[in-house]
Structures are given as structure tokens and as C-alpha cells.
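Okay, here's what each chain looks like letter by letter:
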Amino acid sequence: SAKVIDGKAVAKQIKDEIKIEVLKMKDAIGVVPGLAVILVGDRKDSATYVRNKKKACEAVGITSYEICLPEDSTEEDVLKHIADYNENPKVHGILIQLPLPRHMDEARILNAVSIDKDVDGFHPLNIGLLAKRDREPFFVSCTPKGCIELLHRYGITIKGKRAVIIGRSNIVGLPVSLLLQREDATITIVHSRTENPEEIVRQADIIVSAAGKANMVRGSWIKPGAVIIDVGINPIDDPESPRGYRLVGDVCYDEACKVASAITPVPGGVGPMTIAMLLSNTLDSAKRALKFE
Ligand code: NAD
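Predicted, not measured: the structure shown is a model, and the values here were computed from it. (Residues numbered from 1 in each chain as written. Predicted model: local features only at pLDDT ≥ 70, side-chain atom pairs only at ≥ 80, totals over all residues.)

Q: Any chance you could break down helix α10 (residues 270-290) for me, citing the residues and the numbers?
A: The end-to-end C-alpha distance of α10, which contains 21 residues, comes to 30 Å, matching closely the 30 Å that a straight helix rising 1.5 Å per residue would cover. Burial runs high along α10: 16 of the 21 residues are buried. Phi for K291, located one or two positions after α10, is positive at around 50°. (Helix = DSSP H or I, 4+ residues; strand = E, 2+ residues; numbered from the N terminus. Expected span 1.5 Å × (residues − 1). Buried ≥ 20, exposed ≤ 12 C-beta atoms within 10 Å, placed from the backbone.)

Q: Pulling in residues and values, what's your account of helix α1 (residues 7-29)?
A: For α1, with 23 residues, the first-to-last C-alpha span of 32 Å sits near the 33 Å given by 1.5 Å per residue. Looking at the packing, one finds that the buried side of α1 touches α2 (44-60), α6 (142-153) and α10. Backbone geometry just downstream of α1 places G30 in the positive-phi region, at approximately 70°. (Contact = placed C-beta atoms within 7 Å.)

Q: Help me get a handle on the environment of A289, residues and values and all.
A: For A289, the location among the structural elements is in helix α10. Overall, A289 belongs to the partly exposed group, with 17 C-beta atoms counted inside 10 Å. Residues A289 and V91 lie 198 residues apart in sequence; the distance between their C-alpha atoms is 10.0 Å.

Q: How would you summarise the packing of helix α5 (residues 124-132) against helix α7 (residues 173-182) if you had to cite specific residues and measurements?
A: With their axes 8 Å apart at the nearest point, α5 and α7 run at an angle of 30° to one another. Judged by the twist between their axes, the crossing of α5 over α7 is left-handed. On α7, the residues that touch I127, L130 and A131 of α5 are P175, L178 and L179. Classifying every residue of the contact of α5 with α7 gives six nonpolar, no polar and no charged. (Axes fitted to C-alpha atoms, helices over the stretch in contact; angles between N-to-C directions. Left-handed = near helix turned anticlockwise from the far one by under 90°. Nonpolar A, V, L, I, M, F, W, Y, C, P; charged D, E, K, R; others polar.)

Q: Describe the site of the ligand, listing the residues and the values that go with them.
A: Taken together, 25 residues lie near the ligand, and G167, S169, H191, G212 and T274 sit nearest. Counting residues per element, the shell around the ligand draws most heavily on α10, at three residues. Considering only residue class, the shell around the ligand consists of eleven nonpolar, twelve polar and two charged. (Near = placed C-beta within 6 Å.)

Q: Could you give an account of the domain arrangement of the chain, with specific residues and numbers?
A: Considered domain by domain, the chain is made up of domain 1 (29-129) and domain 2 (142-272). Averaged C-alpha coordinates put domain 1 and domain 2 at centres separated by 27 Å. Tallied by class, residues from the side of domain 1 that touches domain 2 come to two nonpolar, one polar and one charged. (Domains from an automatic or database assignment.)

Q: Pulling in residues and values, what's your account of the UniProt feature "domain: Tetrahydrofolate dehydrogenase/cyclohydrolase catalytic" (unreviewed entry) in the chain?
A: Mapped onto the present numbering, the UniProt feature "domain: Tetrahydrofolate dehydrogenase/cyclohydrolase catalytic" (unreviewed entry) falls on residues 5-120. Here residues 5-120 runs as 52% helix and 16% strand, with 24 Å between its end C-alpha atoms. (UniProt positions renumbered as here; feature names shortened; annotations may be inferred.)

Q: I'd like a description of unusual backbone geometry, backed by residues and values.
A: In this model, L98 is joined to P99 through a cis peptide bond whose omega is 0°. Following the sequence through the fold, P99 ends up in the loop between β4 (93-96) and α4 (106-112).

Q: Before we move on, could you go through the nonpolar core and cite the residues and values that matter?
A: Residues C147, I207, V208, I228 and L279 are the most contacted members of the largest nonpolar core, which totals 81 residues. The element contributing the most residues to this core is α10, with nine residues. Counting the residues that make up this core, at least three belong to each of domain 1 (29-129) and domain 2 (142-272). Each residue touching L279, except ones within four places of it in the same chain, is listed here: K15, I18, A56, C57, V60 and I62. (Core = buried A, V, L, I, M, F, W, Y, C linked by C-beta atoms within 7 Å.)

Q: Tell me about the sheet that holds β4, residues and numbers included.
A: Taken together, three strands build an open sheet; the order of strands is β3-β2-β4 and the sheet is parallel. At either margin of the open sheet sits one strand with a lone partner, and together these are β3 (63-69) and β4. Adjacent strand axes in the sheet meet at a mean angle of 15°, parallel and antiparallel pairs treated alike. In the sheet, strand β2 (residues 34-40) pairs with β3 via seven bridges, with the strands oriented parallel. Its bridge partner lying in β3, V40 is registered against L69. Together, β2, β3 and β4 form the strand contacts of helix α3 (residues 75-87), whose direction differs from that of β2 by roughly 180°. (Pairing = 2+ DSSP bridges.)

Q: Run through the pairing of strand β7 (residues 206-209), naming residues and quoting values.
A: Across the two faces of β7 the burial is the same, with I206 and V208 and I207 and S209 all buried. Of the pairings in the sheet, the one linking β7 to strand β8 (residues 227-230) comprises four bridges and is parallel in character. In the strand pairing of β8, S209 is matched with D230.

See the structure below:
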């Protein structure tokens, strides 16, 4: 049965490494990296994500700054705070918690984040640099970077392999596909309008699924020996759980385990890597800004 790719353990290892580097920086120049988060509205899930990011910062010694704005704020309100953080030398990373309220133009707001503080890698210039391959982007988005990092740390060859990415969102599917292409995989993107997705997925040596559809990828979709990175986080009813639901991925885990050579569990796979990569991007940004090696 498939080897389990333990994202939780890898994320812990990365966070331990970051903690040491932050301490070194503090000892050498008396400065620690800073991450600012802007949250607009009162979505419970977003508040939880922001709280977790804050805790993760504290655990490694990164200073976190936070602004919570009411749901009915204007774009100008948000842009003003972004401008302040862009100017603030203590802040090395700025993160806009998505989704923004519907009355806001998300692209306009993401565009306002200084490209060298764009730790989420969502600025169109960073995506453009990622796509063009002749220069490095300032930052690569955290979840996509986490997926690739897991493949690297588990010694999985990407070069020359056929990778199928399920989903083409700006925040996961698209940047994952660009990153895998940079790593010399041959990529195919499957999305909601794709005909016969199972036929295409079955050709993959590496499957990255980010569709947000519980148990969509069945065992029969998987080539024997394929590696599966399951980004999906989907709640399904579970009367036995105290919360009444539990989280599953896009891939039918039990079936996949019998066919794949390696797989990320949900939870405990890609999820923990996202925050680790955010901390790593923030540290890198601080090092670059302070010219600290
Ligand atoms: P999204 O809804 O923006 O995009 C989903 C993509 O999947 C779309 O491009 C759509 O075309 C495609 N898709 C939908 N149904 C499909 C189908 N039946 N067949 C093929 N393709 C289909 O979602 P997103 O923001 O990219 O997130 C995707 C999933 O990843 C969600 O479950 C989300 O919770 C999870 N996620 C996890 C992390 C993490 O840290 N692990 C981070 C971000 C998102």
C-alpha cells in the first residue's frame, strides 16, 4: 500500500529550521521578521485561519501584525492599510485573507501589495515571473510551494514525469501547474469543463488535486505507482464526530492507497505545509530586505 507523505512532520521540521534562523537574525542584527495580515469581514473560517497564522508566527519568533476591518469597509479603507504596511519597515510580508467581501475588487486589492512583500505570491507580477521561467518570482504561493516541497523532501522525481493537476484556480491549480512545469514535468490541467477527466488523470505519474470535491478521484482513476498530492479540504457529514462532520480530500483515500505509491492524507498532508511556507516566505523576505545572509 502507498507510502503516507507526512506533511505535518515535514512542516514541523521546516518550522524548527525557521525558528533557528529567526533567532540567528535577532542575535546578529536585533531584528525579527514581521508578517501583517488584513482580515475583512466576519467569516468564521477566515478568522480561524488568521488565528492559526498568528500562532504559527509566535511559535517561530516572527512578529505578527493584524488588522480586522468590518464587512462593510470600502476598498479605499483596505488600500490605505496596505499602503501603510507597504511603507512599514518592520513588516516584511503582507497577507490579505481571502475571500474578500463580494463588493470588493479582489484583483485591485491584491495588486496594491508591494511585490517584495507579497508573501502569498498572488500579485500578478509574481505569477507572471513564475510563468516566464527566465527569472525567479519574489515569492511563490504557499500551498503550491508546499506541494512541491513535499515531493522534494520525499525524493520524488518530477523532471520528465507526467503531472496532471486537477483545478485551475488562481490560488492553487494555476500556480501548481506553473511550478511543476518549472521543475520540468509535462503538465496537463483538468478542470470542471474537461471531458473524461478520469482518462487523463489515469496517465499521470503525479496527481495534484485541488478541485474541492470530496472523494472525486477514485482508485480506478489512478495509474499504479502514481504519487498523489491531495490539496482538497472538504467537510462531509459524520454523525460519529463530535463536530458532526469531518474533513476529507478530493481523492478517495482508501481506494488510492491500494494503487498509488505515495499519497498525502487529509488532514495532515498539504494543509500544515501551507503555513510553514508562509513563515518561510516571510523569513526570506526579511533576509532580502535586511540583506542578511
Ligand atoms: P476553487 O473552487 O477556486 O477551484 C476549484 C477548481 O477545481 C476550479 O478550477 C474548477 O474548474 C475545478 N473543478 C471543480 N470541479 C471539478 C471537477 N468535477 N472536475 C475537475 N475539476 C473540477 O478552489 P481552490 O481555492 O483552488 O481550492 C481547491 C481545494 O483546495 C478546496 O477544497 C480548498 O479547501 C483546498 N485548499 C487547501 C489549501 C491547503 O492549505 N491545503 C489551500 C487552498 C485551498
